[in-house]
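Report on the structure
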Amino acid sequence: DTGVSQNPRHKITKRGQNVTFRCDPISEHNRLYWYRQTLGQGPEFLTYFQNEAQLEKSRLLSDRFSAERPKGSFSTLEIQRTEQGDSAMYLCASRQKRPGAEAFFGQGTRLTVV
Amino acid sequence: ILNVEQSPQSLHVQEGDSTNFTCSFPSSNFYALHWYRWETAKSPEALFVMTLNGDEKKKGRISATLNTKEGYSYLYIKGSQPEDSATYLCAFDQAGTALIFGKGTTLSVSS
């Protein structure tokens, strides 16, 4: 399967714990995006990378969230000291930099904070 | 924060009905406008990516138009079928920044 892969698919954690999600994009895609989606909402932008450089981070994102893409390939999203409000679907997408390139999405990681 | 608006939020139609949705976006620094289809328990999949004012694209019974000067795009579905039931997302691609999505229009087609 050469699509975007996200792990884990589901994560249940206790409030206050740290969690880390992984995204493996399509190999030739240099742009990688993280989104959060809650019930009834569209994907909310969190951050994006071009190769290993994090080019933009949403102002809505608290300091508890951090993302990396160390070698310009896979990316991780870490949430520290999770809160119940962090419960959501976390989506990763990748695409090529060229104009008009569509984004390809992973199946997401469903986080539940109890 | 860029504002991408979609309307209506949800829509229920009968099989065979034609329908359309609207996406409005900032008219400045336009790069591209994307439409995605998101079925339950699946990943969003691209329908169209439009880059030029006046663009019209078609895929089967689904088509889309683009007006970059006034900042809107329409998605049309002709002769809706139950398998068209999904959430339709538009995304604004502003040069050099992230791909920003609207909240989507959820379509339900009854047979």
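Please refer to the structure higher up on the page.
What you are looking at is a predicted structure, and each value in this text was computed from that prediction instead of being measured.

1. A few points about the overall build of chain B
Across its full length, chain B holds zero helices and 11 strands. Its helices and strands taken in sequence order, chain B reads β-β-β-β-β-β-β-β-β-β-β from the N to the C terminus. Its C-alpha radius of gyration of 13 Å places chain B within 12% of the 13 Å reference for a compact globule of 111 residues. Among the 111 residues that make up chain B, the fraction classed as buried is 50%. When contacts within chain B are restricted to residue pairs at least 6 apart in sequence, long-range pairs at least 24 apart make up 54% of them. Surface exposure of chain B reaches about 5300 Å², of which carbon and sulfur atoms provide 45%. Between the mean site of the 9 positive side-chain charges and the mean site of the 11 negative ones, chain B shows a separation of 3 Å.

2. Thoughts on the pattern of salt bridges
Two side chains bearing opposite charge may form a pair once their charged atoms approach each other closely. Evaluated as defined, the whole model comprises eight salt bridges over all chains. A salt bridge links glutamate 83 of chain A to arginine 64 of chain A, with the shortest nitrogen-to-oxygen separation between them at 3.4 Å. Placement of glutamate 83 of chain A in the loop between β8 (75-79) and β9 (88-95) and of arginine 64 of chain A in the loop between β6 (53-57) and β7 (65-68) is noted, with a sequence separation of 19 residues between them. Notably, a salt bridge pairs arginine 95 of chain A with aspartate 93 of chain B, separated by 2.8 Å at the nearest N-O pair.

3. Let's talk about the interface of chain B and chain A
Each partner contributes to the interface: chain B provides 21 residues, whereas chain A provides 21 residues. Buried area between chain B and chain A, both sides added, is near 1800 Å², and the carbon and sulfur share of it is 58%. Inspection of the region where chain B meets chain A yields one salt bridge. Counting across the chain B and chain A interface gives seven residue pairs in polar contact (both at pLDDT 80 or more). Listing elements by their share of the side of chain B that touches chain A, those giving two or more residues are β4 (30-38), β5 (45-50), β9 (86-94) and β10 (99-101) of chain B. Looking at the side of chain B that touches chain A, the element that brings in the most residues is β4 of chain B, giving four residues. When the residues that make up the side of chain B that touches chain A are grouped by side-chain class, the tally is 13 nonpolar, six polar and two charged.

4. Remarks on the state of the cysteines
All chains considered together, the criterion is met by two disulfides over all chains. With a sulfur-sulfur separation of 1.9 Å, cysteine 23 of chain A is cross-linked through a disulfide to cysteine 92 of chain A. Linking cysteine 23 of chain A and cysteine 92 of chain A, the disulfide has an S-S dihedral of approximately -65 degrees and is accordingly described as left-handed. A residue pair is termed long-range when its members are at least 10 positions apart, and cysteine 23 of chain A in strand β3 (residues 19-24) and cysteine 92 of chain A in strand β9 qualify at 69 residues. Each member of the pair, cysteine 23 of chain A together with cysteine 92 of chain A, is buried. Across the disulfide from cysteine 23 of chain B sits cysteine 90 of chain B; the S-S distance is 2.0 Å. Handedness of the cysteine 23 of chain B-cysteine 90 of chain B disulfide follows from its S-S torsion of about 75 degrees: it is right-handed. Of this pair, cysteine 23 of chain B sits in strand β3 (residues 19-24) while cysteine 90 of chain B sits in strand β9; the two residues are 67 residues apart in sequence, bridging distant segments of the chain. For the pair cysteine 23 of chain B and cysteine 90 of chain B, one class covers both residues: buried.

Rules and cut-offs
Residues numbered from 1 in each chain as written. Chains lettered and ligands numbered in written order. Predicted model: local features only at pLDDT ≥ 70, side-chain atom pairs only at ≥ 80, totals over all residues. Heavy atoms only, no water. Helix = DSSP H or I, 4+ residues; strand = E, 2+ residues; numbered from the N terminus. Rg over C-alpha atoms; globule rule 2.2 N^0.38 Å. Buried < 20%, exposed > 50% of the residue type's maximum accessible area, 1.4 Å probe, protein only. Contact = heavy atoms within 4.5 Å. Areas by Shrake-Rupley, 256 points an atom, 1.4 Å probe, with all protein chains shown as cover. Lys, Arg positive; Asp, Glu negative; His and termini not counted. Charge placed at Lys NZ, Arg CZ, Asp CG, Glu CD. Salt bridge = Lys/Arg side-chain N within 4 Å of Asp/Glu carboxyl O. Buried area = accessible area lost by both parts, 1.4 Å probe. Polar contact = N/O pair within 3.5 Å; in protein donor to acceptor, adjacent residues only side chain to side chain. Nonpolar A, V, L, I, M, F, W, Y, C, P; charged D, E, K, R; others polar. Disulfide = S-S within 2.5 Å.

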